[in-house]
Amino acid sequence: MSKLPSPKERPDLYDSYDCQEPSKPASQKYWDSVMPEHVKKAIAERQAKSDPTTPSADKSCQCFDPSAEPEWIDQTDIGMTDGYWDITRMRCARCGTAWVRAFLEYEAFSRSGRHYRAPACAAALPGITPESALQLITEASFRIAGGSYFGGKDHVSNGPSALIASP
Ligand SMILES: [Zn+2]
């Protein structure tokens, strides 16, 4: 069932940044459920040999800056959740960090569009479902939110917490 490339085939998926740490012990279960064994192993190995000079998550990249407009590549629509969140995944063109993004809008209500995105582990993304992507964003400690609901201004929305789903 696994079409995931191995670290040897696509080292960029494994080495350009670290997967996000679970924000609370309960989340470990979730990560365990979505992350294949060889990915966990690759991360553990990298963390074991990591030193301060190893580039990991480039938190200084513009994709972590709510005021910037990063360029995205590999943008893919994952689908819609039962709660009508439209889920997309993409990668930052500059640092390669993978993000999952949830967007919700009520056509009957103006200024109801809102989106949240959270950095994710690219290796865990192939095969991710809309519901599990939404769960990932809900549980993420670092998120960027924006949209007309928030006055069109992107901002950091720290989690874990439920996304605002009311009109
Ligand atoms: Zn970036």
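Rules and cut-offs
Residues numbered from 1 in each chain as written. Predicted model: local features only at pLDDT ≥ 70, side-chain atom pairs only at ≥ 80, totals over all residues. Helix = DSSP H or I, 4+ residues; strand = E, 2+ residues; numbered from the N terminus. Buried ≥ 20, exposed ≤ 12 C-beta atoms within 10 Å, placed from the backbone. Contact = placed C-beta atoms within 7 Å. Pairing = 2+ DSSP bridges.

Asks: Would you mind showing me how to read the overall build of the chain here?
Replies: Within the chain, the regular secondary structure consists of 4 helices and 6 strands. Helices and strands appear in the chain in the N-to-C order α-α-α-β-β-β-β-α-β-β. Classification of the 167 residues of the chain by burial places 28% in the buried group. Restricting the contact set of the chain to residue pairs at least 6 apart, pairs at least 24 apart contribute 55%.

Asks: How do you make sense of unusual backbone geometry when you look at a structure like this?
Replies: With glycine set apart, most residues show a phi of negative sign, and most peptide bonds adopt trans. Pro160 follows Gly159 through a cis peptide bond whose omega is -5°. With respect to the element layout, Pro160 can be found in the segment after strand 6 (155-156). At Tyr84, a position not held by glycine, the phi torsion is positive, near 70°. Mapped onto the elements of the fold, Tyr84 is located in the loop between strand 1 (72-80) and strand 2 (86-92). Of the residues examined, Tyr84 has 11 C-beta atoms within 10 Å and is grouped as exposed. One non-glycine residue, Arg111, lies in the positive phi region at around 55°. Summarising the element assignment, Arg111 is placed in the loop between strand 3 (98-104) and strand 4 (114-120).

Asks: For this particular structure, what's the right way to read the pairing of strand 1?
Replies: Each regular strand carries side chains that alternate between the two faces of the sheet. Of the pairings in the sheet, the one linking strand 1 to strand 2 comprises 6 bridges and is antiparallel in character. Among the inter-strand pairings, Asp77 is bridged to a residue of strand 2, identified as Thr88. Hairpin geometry of strand 1 and strand 2 is characterised by an intervening segment of 5 residues between the two adjacent antiparallel strands and by a positive phi of about 70° at Tyr84.

Asks: What is the right way to look at the environment of Phe142 in this model?
Replies: In this fold, Phe142 is placed in the loop between helix 4 (130-139) and strand 5 (144-146). For Phe142, a count of 16 C-beta atoms within 10 Å translates into the label partly exposed. In sequence terms Phe142 and Ala118 are 24 residues apart; their C-alpha atoms lie 6.3 Å from each other. Setting aside residues up to four positions removed in sequence, Phe142 forms contacts with Ala118, Pro119 and Asn158.

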